[in-house]
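Understanding the architecture of this molecule
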Amino acid sequence: MNPILVIFSGGQDSTICLMKAIAERGADKVHAVTFDYGQRHALEVQLAQEIAREQHIASHKVIAVDWYRDITHNSLLDKSMAISREPGAPFPNTFVEGRNALFLLTAAIYAKSRGITELMIGVSDADYSGYPDCREPFIRSMNATLNLAMDCTFTLYAPLQHLTKAQEWALADRLGCLDYIRTRTLTCYEGIPGDGCGQCPACKLRAAGLAEYLRTKDQRR
């Protein structure tokens, strides 16, 4: 099995990706990279480090992008901003311009230095936000761009691309890590791990998906 590098935030989506990579390749073939970019809650990075240690993966690198807030402004980089979605806006003010493009480029540079050509990212078209850098055309385009930019044949995997949140929970259950994902990851915009605050958009989406999955699971019994 080839080694793979997971872009890993410590949130629900990326942790499911990490667990999927471990299940498919073994922990000794899984590497992860986490970006400290001035996000609202430094606890994300701490949790990512803890999860990486608990899962005994081959390596985990934290990369600081401490200049990000100097060039763009949004509610994930500015705690004083209320999280909102203005009427008619294509996505909420949690959108961080160019984030996934920057993360993928940086991760690919790091991966190539370690002889790794396969990368995994937990983007999803089903996310409520509609972020442009979570869409399949972006992932395909970025894969081609990285190959051209570095004269290397990278393969980008986005296994959650077309899954709903309920389907993500189903995948976590099949991987045997539903409770782990539920209790150890941080999705909440208020920085509360596990089930979170229950009120922010991220928590509501996560909770609705879990409820839907558990309901359909019970119906199949």
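For the structure, check the block above.
Residues numbered from 1 in each chain as written. Predicted model: local features only at pLDDT ≥ 70, side-chain atom pairs only at ≥ 80, totals over all residues. Heavy atoms only, no water.

Regarding the pairing of strand S1 (residues 4–7)
The condition is simple: Burial classes follow relative accessibility: with a 1.4 Å probe on protein chains only, a residue under 20% of its type's maximum area counts as buried, one over 50% as exposed, and anything between as partly exposed. Only DSSP runs of H or I covering at least 4 residues are called helices, and only runs of E covering at least 2 are called strands; the numbering of each starts at the N terminus. Paired strands, in this sense, are two strands between which DSSP finds at least two bridges. By definition, the crossover connecting two strands over a helix is right-handed if that path, from the first strand to the second, turns clockwise as seen with the strands pointing away from the viewer.
Neither face of S1 is left uncovered, since the one carrying Ile4 and Val6 and the one carrying Leu5 and Ile7 both have all their residues buried. In this sheet, strand S2 (residues 30–36) lies alongside S1 in parallel orientation, the contact comprising four bridges. Residue pairing for S2: Leu5 is matched across the bridge by His31. Read as a crossover between parallel neighbours, the route from S1 over helix H1 (residues 12–25) to S2 is right-handed. Strand direction decides the pairing type here: S1 and strand S4 (residues 118–120), joined by two bridges, are parallel. The partner of Leu5 across the bridge, within S4, is Leu119.

Let's talk about the environment of Ala126
Our working definition: It only takes one pair of heavy atoms within 4.5 Å for two residues to be counted as in contact.
Considering the arrangement of structural elements, one finds Ala126 in the loop between S4 and helix H4 (136–150). For Ala126, a relative accessible area of 35% puts it in the partly exposed group. Excluding its chain neighbours within four sequence positions, the residues that come into contact with Ala126 are Gln161, Leu163 and Thr164.

Quick notes on the packing of H1 against helix H5 (residues 165–174)
Condition: Note on geometry: axes are lines fitted to C-alpha atoms, helical ones only across the stretch in contact, with angles between N-to-C directions running from 0 to 180 degrees. Less than a right angle of anticlockwise turn of the near helix away from the far helix marks a crossing as left-handed, whereas a clockwise turn marks it as right-handed. Just so you know the grouping, Ala, Val, Leu, Ile, Met, Phe, Trp, Tyr, Cys and Pro go in nonpolar, Asp, Glu, Lys and Arg go in charged, and all remaining residues, Gly too, go in polar.
For the pair H1 and H5, interaxial distance at closest approach is 10 Å and the crossing angle is 35 degrees. Of the two possible hands of crossing, H1 and H5 adopt the one that is left-handed. For the pair formed by H1 and H5, the contact residues are Gln12, Asp13, Ile16 and Lys20 on the first element and Lys165, Glu168, Trp169, Leu171 and Ala172 on the second. Each residue belonging to the contact of H1 with H5 can be placed in one class, and the counts come to four nonpolar, one polar and four charged.

Here's the deal with the sheet that holds S4
Pairing is parallel across the open sheet formed by five strands, whose spatial order is S3-S2-S1-S4-S5. Each end of this open sheet is capped by a strand with a single partner; those strands are strand S3 (59–64) and strand S5 (155–157). Across the sheet, the mean angle separating the axes of adjacent strands is 25 degrees when strand polarity is ignored. Where helix H2 (residues 43–54) meets the sheet, its contacts fall on S2 and S3, and the angle it forms with S3 comes to roughly 165 degrees.

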